[in-house]
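Remarks on the overall topology
One-letter residues, chain by chain:
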Amino acid sequence: MNLLLERVQTSLLDLVGQFIQLLPGLAIALVLVLLTGYAAKVTQKMVGRMAKRLVPSRSLQLLAMQVTRIGTWAIGIIIAAVIAFPDLRLGDIIGLLGLGSVAIGFAFQDIFKNFLAGILLLVEQPFRLGDQVIMCDYEGTVEAIKIRSTQLRTYTGELVEIPNAIVFTSPVRVLTAFRSRRTDLGIGVDYTTPLPLAKQTFLEVINRTDGVLSDPAPEVDVVGFGDSSIDFKLRYWTTPQMAEVRRIQTQVAMALKAACDEAGISIPYPIRTVHLFDQTQFSESQPLANGTGARDAAS
């Protein structure tokens, strides 16, 4: 019994002694980790300034800054591990990283998938910061393209974060990819309206509305004969920003109503014709007025 107690006591003393020997290295490693955080911020800012001068693309600037931050942290942690555990050799670290990468890969496969998709998005640039897009049933302005997700600010002031893997594999409509964007506005006129007069009136309204581009030229087409109106489709081009599109569409609609009133062009309400008859005049067992007989229940 005494021998067992002596062995336990000796083992505890050895552990305490080893811990005391490691204390300076652990303290230095802890300080180094804290300095790594500061160094990551400094190097990220330095790389960001250099990238602004050398790389015109904002997305590639962000990629360089994010890779620099992650690389600085990785180097700092490896150096801290070597200082904290002097017996840990470079080969051991590489082997540990190799074994750990398999387990980490299974545990964090979604994170790595989003990471790689984020890098591809920053390199290929299907859209840029400030673009207005529609992705995954959300519409808004691209605020940031991070390593893990893409941030979208909706028109109602909400922030939406969409994983990069979903963005990379889903269709994305970039509304501000080009300098102009077309708006289609429908309007109907009464069947008694002279169509050349209506078309000329609509074209004049569109051409004199502030904000409508002259190139490409506006178009007015007859698209169909409705139940109560002859339907026109007005197509005109504006700058692609949503706020400008909505503002100009409101101006065009108001100007169209005023021009129609001035030209005597009627914009009809939906018309329905309802025929009423006296149901008491008819019976299932008596012939109808057109001479056709109705079968009674007995037949």
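Look up a bit, the structure's there.
Anyway, here's the lowdown on the structure attached to this text. (Residues numbered from 1 in each chain as written. Predicted model: local features only at pLDDT ≥ 70, side-chain atom pairs only at ≥ 80, totals over all residues. Heavy atoms only, no water.)

Our next topic: the packing of aromatic side chains. Summed over the entire model, instances satisfying the criterion amount to two aromatic pairs. Pairing Tyr-191 with Phe-225 gives two aromatic rings, centres 6.3 Å apart and planes at 25°, and the pair type is stacked. You can see Tyr-191 sitting in the loop between β6 (181-189) and α6 (195-207) and its partner Phe-225 sitting in strand β7 (residues 219-225), a full 34 residues away along the chain. Here Phe-225 falls in the exposed class, since its relative accessible area comes to 62%. Measuring from centroid to centroid gives 5.3 Å for Phe-202 and Phe-232, while their planes differ by 85°, and the two rings are edge-to-face. Highlighted residues: Phe-202 in helix α6 and Phe-232 in strand β8 (residues 230-238), separated in sequence by 30 residues. Its end group placed over the ring of Tyr-155, Arg-246 keeps NZ or CZ at 5.9 Å from the ring centre. (Phe/Tyr/Trp six-rings, centres within 6.5 Å; stacked < 30°, edge-to-face > 60°. Helix = DSSP H or I, 4+ residues; strand = E, 2+ residues; numbered from the N terminus. Buried < 20%, exposed > 50% of the residue type's maximum accessible area, 1.4 Å probe, protein only. Lys NZ or Arg CZ within 6 Å of the ring centre and 35° of its normal.)

A cluster of basic residues, Lys-41, Lys-45, Arg-49, Lys-52, Arg-53 and Arg-58, forms a positive patch at the surface. Relative to the assigned elements, Arg-49 resides in helix α1 (residues 2-54). (Patch = residues over 30% accessible without salt bridge, like charges linked within 9 Å, V, L, I, M, F, W, Y side chains within 5 Å. Areas by Shrake-Rupley, 256 points an atom, 1.4 Å probe, with all protein chains shown as cover. Salt bridge = Lys/Arg side-chain N within 4 Å of Asp/Glu carboxyl O. Lys, Arg positive; Asp, Glu negative; His and termini not counted. Charge placed at Lys NZ, Arg CZ, Asp CG, Glu CD.)

Turning our attention to the environment of Ala-165. Within the secondary structure, Ala-165 is located in helix α5 (residues 164-169). Each C-alpha atom, one on Ala-165 and one on Ser-149, is 8.1 Å from the other, the two residues being 16 residues apart in sequence. Sequence-distant contacts of Ala-165, that is, excluding residues within four places in its chain, are made with Lys-113, Asn-114 and Ala-117. (Contact = heavy atoms within 4.5 Å.)

This part covers the sheet that holds β7. Strand order in this open sheet of three strands is β6-β8-β7, and the pairing throughout is antiparallel. Lying at the two open borders of the sheet, with one neighbouring strand each, are β6 and β7. Strand-to-strand, the axes of this sheet are offset by a mean angle of 25°, without reference to chain direction. Here β6 pairs with β8 via nine bridges, running antiparallel. Bridge assignment links Arg-181 to a residue of β8, and that residue is Thr-238. The strands touched by α6 within the sheet are β6, β7 and β8, with β8 carrying the most contacts at an inclination of about 20°. (Pairing = 2+ DSSP bridges. Axes fitted to C-alpha atoms, helices over the stretch in contact; angles between N-to-C directions.)

Direction vectors running N to C along α6 and helix α7 (residues 242-263) enclose 140°, while the axes themselves pass 10 Å from each other. Viewed along their axes, α6 and α7 adopt a mutual orientation that is oblique. When the axes of α6 and α7 are compared, the crossing they make is right-handed. Here Thr-201, Phe-202 and Val-205 of α6 lie close against α7, whose contacting residues are Val-252, Ala-255, Leu-256, Ala-259, Cys-260 and Ala-263. (Parallel < 35°, antiparallel > 145°, perpendicular 65-115°, else oblique. Left-handed = near helix turned anticlockwise from the far one by under 90°.)

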